[in-house]
Every structure is written in C-alpha cells, then in structure tokens.
Amino acid sequence: MAATIALNLPTNPYQIQIDGGNIDRLGEKLAGLKIGTKVTIVSNPSVFGHYGDRAVKSISQSGFEVIECILPDGEEHKNLRTIEQIYDRAIASKLERSSTFLALGGGVIGDMTGFAAATWNRGTNFIQVPTTLLAMVDASVGGKTGVNHPQGKNKIGAFYQPKLVAIDPDVLQTLPAREFRAGMAEVIKYAVIWDADLFDRLLNHPQLSNIEDLAPEFIADILTRSCQAKADVVLKDEKESHLRGILNYGHTIGHAIESITNYARFNHGEAVGMGMVVAGRLAAALGLWSKDDADRQDLIIAKAGLTTHLPADLDLEKIVHLTHSDKKVEAGKVRYILPSSIGYGRKIGDRIATKDRQTILNEIGREVEDNEIINVLRSM
Ligand SMILES: NC(=O)c1ccc[n+]([C@@H]2O[C@H](COP(=O)([O-])OP(=O)(O)OC[C@H]3O[C@@H](n4cnc5c(N)ncnc54)[C@H](O)[C@@H]3O)[C@@H](O)[C@H]2O)c1
Ligand SMILES: [Zn+2]
C-alpha cells in the first residue's frame, strides 16, 4: 500500500512518501535528490535505538557519509541550547551548505532539525523521517520549524520546507500507546475539517485506540488521507494568512488546557481531543453545525481512547482567560475554528481564488464572546 503525495509548492515542491519498510530505503531515496554527500541524522536515544542502525546502513550503502547527532529526548529540550548542539556537530563535521540534515524522530526532533537546517549557513537541505503518528500526519508536513522560549511554545522559528518526507508506518509498532492516541486526535481533526470519507471510515471502524489491532491497510489509508489534507491546506495557504488557520481546529481550548495543567497532565493530542469536543459543541450551540455531526465526532474521539469531557477540577474561567493569550487572537476577541459540516474546509478551499482573506476567515470560524464559550465549558 505505497502512497505518494505531491506537495507542489511553487518554490519548494516535495513528496510525502508512505510505505512500510521505508526506513531501509532511505539511501536510495536520498540518492535521487541533489543533497550533497554528507547526511547528518538528528535523532534521540530512544528512536535511534530502535531505528538508527537501519537508517545509517541504508544511507551509507548509497554512498553518503553519515554523521550522527543524538539529542536528549523530550519537549523540555526543544530550545536554542539544544539547537547549538546541532550546530556544534555541523562545525565539527565540516558540513557545507550542500550537506543535509535528516530528522529521525517525532515532532520535537523534526521541529528542531528543521530549524537547524533553516539557519545553518542560511539554509541547508532538510529531510523528514517522522516516527510518531503526530509527526507523520502533522509536524513533518508543511514547513513549520522551531523551538520553545521559556515564555512560550514555538516562539522561535522559521518556515522551512523539507526536500522529502519519508514515512514508514511500520515504526508505529514501537510507539507508546498514549502517543498513538495523541496522533489520532490530529487524524480526527482532518476528518472533521477536510475529509468526510475519512470521517466515515473512522466512525465505522470498530476501534481506533490500539495499533496492534489495526490492519496495515487501514493505517496506511488514514496516514495518506491525513497527509493529503495537510498538503491541500498548505498548498493553498503556505504561510498561514487565512485557510491554514483551519488546522487549529480544537487547538484554542486545547492549548489553554495544556497550559493550565503545565504541559504535564495531558499531552497535546489529549488536549486537542477535548478542544474539538468543546469547539464542536460551541458550533452546534451557535447553530452553525448539526448536533448529530458534533455527537458523531465525539463518538470517534471516544473510540480513539481520548477524553470527551473536561475533568471537574479544571478552572474554566482560567481556561477562557488563557485563550486570550493564544496566537490566534485578533483585536481582543478570540477566533475559534468552527465547522459547519463534515469536511467543510475542502469546500471553502475549492473556491479560494474567488474569496478575499476576511471571507475565508469568516467561513472557517468565528470570533466568540467569553460568555458563549464558558456556557459550553460548563455543560461538559
Ligand atoms: N511543525 C509543525 O507543524 C508541528 C505540528 C504539530 C506539532 N508540532 C510539534 O511536535 C512536537 C510533538 O511531537 P510528538 O508528539 O511527535 O512528540 P515527541 O517528538 O516528543 O515524541 C514522543 C515520544 O515518542 C518517542 N518516539 C518517537 N517515535 C517513536 C517510535 N517509533 N517508537 C518508540 N518511541 C518513539 C520519542 O522519543 C518521544 O519520547 C511538539 O513540540 C509540537 O510543538 C509541530
Ligand atoms: Zn496539534
């Protein structure tokens, strides 16, 4: 079940290649690109322990000199100090501008490697080999790279597109179950905002939370559809001036929940799952979306093993307050991405050339008053 998605950006076209066993075919894939002779694999001890040998073997057999740069594991290391470790390795290995940085890992490794690639010698080749579900369907596609600042997540960054995204679905077998479920939240997001067929497939599948019980064909299908959705959106709005904002569905409340619990209690996907439930109910309460569709969405979220209610101890006023410091705030009001039908974004995207920015923003969401959102939060 191999699939290739072309992300034909005018200045940086690249492919997302999805196939079991791709880790062992990295060398031949890189040989087909103009990327110099040295490849620095950036990874962490856990992922490199699982897949490093196979990746190194394949890449060196194709004639590349391989340099290993192993960074500590975890979001707490996604900062400029760790980026310096990548630069230090690059200096020590006499990397030229025509060399290549390859990210082998989840979104943390991908975001840092991409930022290092964007800034090393003002831009060097970059390859994404995502190993978490979240990184496969979201972080590795679309060119957002960066690190955290003590005062905020992803505050320092650059748009920088990879030359290739090579996905090997087989590596998901070693992913911790909780990380898999977190990635499913983003898959469900694409189903709601972009792909009604994907929505039906998720709804009709008996379970979505245990990867061991999911057929490889099903996994390949949801990966392909999710990457296609992200590619479609990025192609229409690479720098997030209008439509790309739709990818923040469920994220306004999700980010606030992550922040209020100090990024320790819920992972990103778990918080986004709750955020989508809130946004779906808000859309239904405002008469934008059918309650049946919102209920069906919640059913899928529950099937993925994600929570569909807010824990009673969360301070709802504080959550709403925190949404005001979200990046998506305009003129003191908070804009929520709110669906009007399953897959509604695709219909907006199809007619994008005939619309101005404000029209698109108004169609993908709405500015919401605090009391409207607090009522929904209290009902959960
Ligand atoms: N650039 C973007 O557009 C974008 C989009 C979404 C998220 N992100 C970023 O992605 C990051 C989150 O990424 P994540 O959820 O992938 O987390 P992560 O990179 O921290 O990976 C989660 C854990 O899984 C381990 N792991 C990874 N692959 C594995 C495998 N195949 N087998 C066993 N263990 C494995 C990692 O070592 C880590 O401990 C955040 O920093 C977020 O800001 C970026
Ligand atoms: Zn997300």
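From a predicted model like this one, the values you see are computed outputs, not experimental measurements.

Reading guide: rules and limits
Per-chain numbering applies: the sequence of each chain, read as written, is numbered from 1 onward. In the order they appear in the text, chains get letters beginning with A and ligands get numbers beginning with 1. Thresholds applied to this predicted model are a pLDDT of at least 70 for local features of residues and 80 or more for the giving and counting of side-chain atom pairs; totals over whole chains, interfaces and linings are not thresholded and use all residues. Only hydrogens and water are set aside when side-chain values are computed; all heavy atoms of the structure are taken into account. Helix numbers and strand numbers start at the N terminus; a helix is a DSSP run of H or I with at least 4 residues, a strand a run of E with at least 2. Accessibility here uses a 1.4 Å probe with only protein chains present; expressed as a share of the type maximum, an area under 20% marks a residue as buried, one over 50% as exposed, and anything in between as partly exposed. Only strands joined by at least two bridges in the DSSP assignment are considered to pair. What makes a residue near a molecule or strand is one non-hydrogen atom of that residue sitting within 4 Å of it. Each polar contact in these results corresponds to two N or O atoms within 3.5 Å; when the atoms are within protein, one needs to be able to donate a hydrogen and the other to accept it, and residues that are neighboring in sequence are counted only if both atoms are side-chain atoms. Residue exposure ignores everything except the shown protein chains as possible cover, and the areas themselves are Shrake-Rupley values with a 1.4 Å probe. Residues were grouped as follows: Ala, Val, Leu, Ile, Met, Phe, Trp, Tyr, Cys and Pro as nonpolar; Asp, Glu, Lys and Arg as charged; and all remaining residues, including Gly, as polar. Distances up to 2.8 Å from the metal define which N, O and S atoms are donors, and 3.2 Å serves for Na, K and Ca; water is absent from the atom set, so sites may look incomplete. Method remark: on a 1 Å grid restricted to protein atoms, a set of points is classed as a cavity if a 1.4 Å probe fits but cannot get out and as a pocket if it is open with protein on both sides within 12 Å along at least five of seven lines; lining residues have an atom within 4 Å of a point. Grid points are joined across faces, edges and corners, and a volume is the space filled by probe spheres set on the points.

Caption draft 1: Spatial organisation of the environment of D295. Relative to the assigned elements, D295 resides in helix α11 (residues 291–303). For the pair D295 and R281, spaced 14 residues apart in sequence, the C-alpha separation works out to 8.4 Å.

Caption draft 2: Highlighting the pairing of strand β2 (residues 14–18). Most of β2 sits inside the fold, with four of its five residues counted as buried. When strand β1 (residues 3–7) meets β2, the two strands line up antiparallel, connected through five bridges. Each residue of the ladder has a partner; that of A3, found in β2, is I18. Once β1 ends, the chain turns through six residues before running back antiparallel as β2. In terms of strand pairing, β2 meets strand β9 (residues 164–167) through four bridges, oriented parallel. Opposite I16, over in β9, you have V165 as the bridge partner.

Caption draft 3: Broad picture of the site of ligand 1. What surrounds ligand 1 is a group of 26 residues, the closest being E75, G107, T131, T132 and T174. Here an oxygen atom of ligand 1 sits 2.6 Å away from a polar atom, N or O, in the side chain of T132. The contact in question runs from an oxygen atom of ligand 1 to an N or O atom on the side chain of N154, over 3.3 Å. Protein contacts shield 86% of the accessible area of ligand 1, which totals 870 Å² for the unbound molecule. Those elements that place two or more of their residues in the shell around ligand 1 are α2 (45–61), α4 (107–119), α5 (133–139) and β8 (152–159). With four residues, the single largest contributor to the shell around ligand 1 is α2. Residue composition of the shell around ligand 1, grouped by class: eight nonpolar, nine polar and nine charged.

Caption draft 4: Here's a closer look at the coordination of the zinc ion (ligand 2). Those donors, E186 (OE), H251 (NE2) and H268 (NE2), are the protein atoms that reach the zinc ion (ligand 2), and they lie 2.0 to 2.1 Å from it. Spacing between the donor residues of the zinc ion (ligand 2) along the chain follows E-x64-H-x16-H. One end of the pair, H251, is in helix α9 (residues 251–260); the other, H268, is in helix α10 (residues 268–285), with 17 residues separating them in the sequence.

Caption draft 5: A look at empty space enclosed by the protein. This structure, assessed with the given rule, holds one cavity of 30 Å³ or more. Here the largest cavity defines a volume of roughly 40 Å³. In terms of lining residues, the largest cavity is bounded by N248, Y249, G250, H251, T252, I253, G275, A279, Y336 and I337. Counting residues per element, the lining of the largest cavity draws most heavily on α9, at three residues. Along the lines of polarity and charge, the residues of the lining of the largest cavity split into five nonpolar, five polar and no charged.

Caption draft 6: Fine view of the layout of surface pockets. Estimated volume of the second largest pocket: approximately 230 Å³. As for the second largest pocket, its lining consists of 16 residues, of which N12, P13, Y14, P162 and K163 are closest to the centre. Looking at the lining of the second largest pocket, the elements that each hand over two or more residues are β2 and β6 (125–130). When residues in the lining of the second largest pocket are grouped by element, the largest group, three residues, is from β2. Of the residues in the lining of the second largest pocket, the class split is eight nonpolar, seven polar and one charged.

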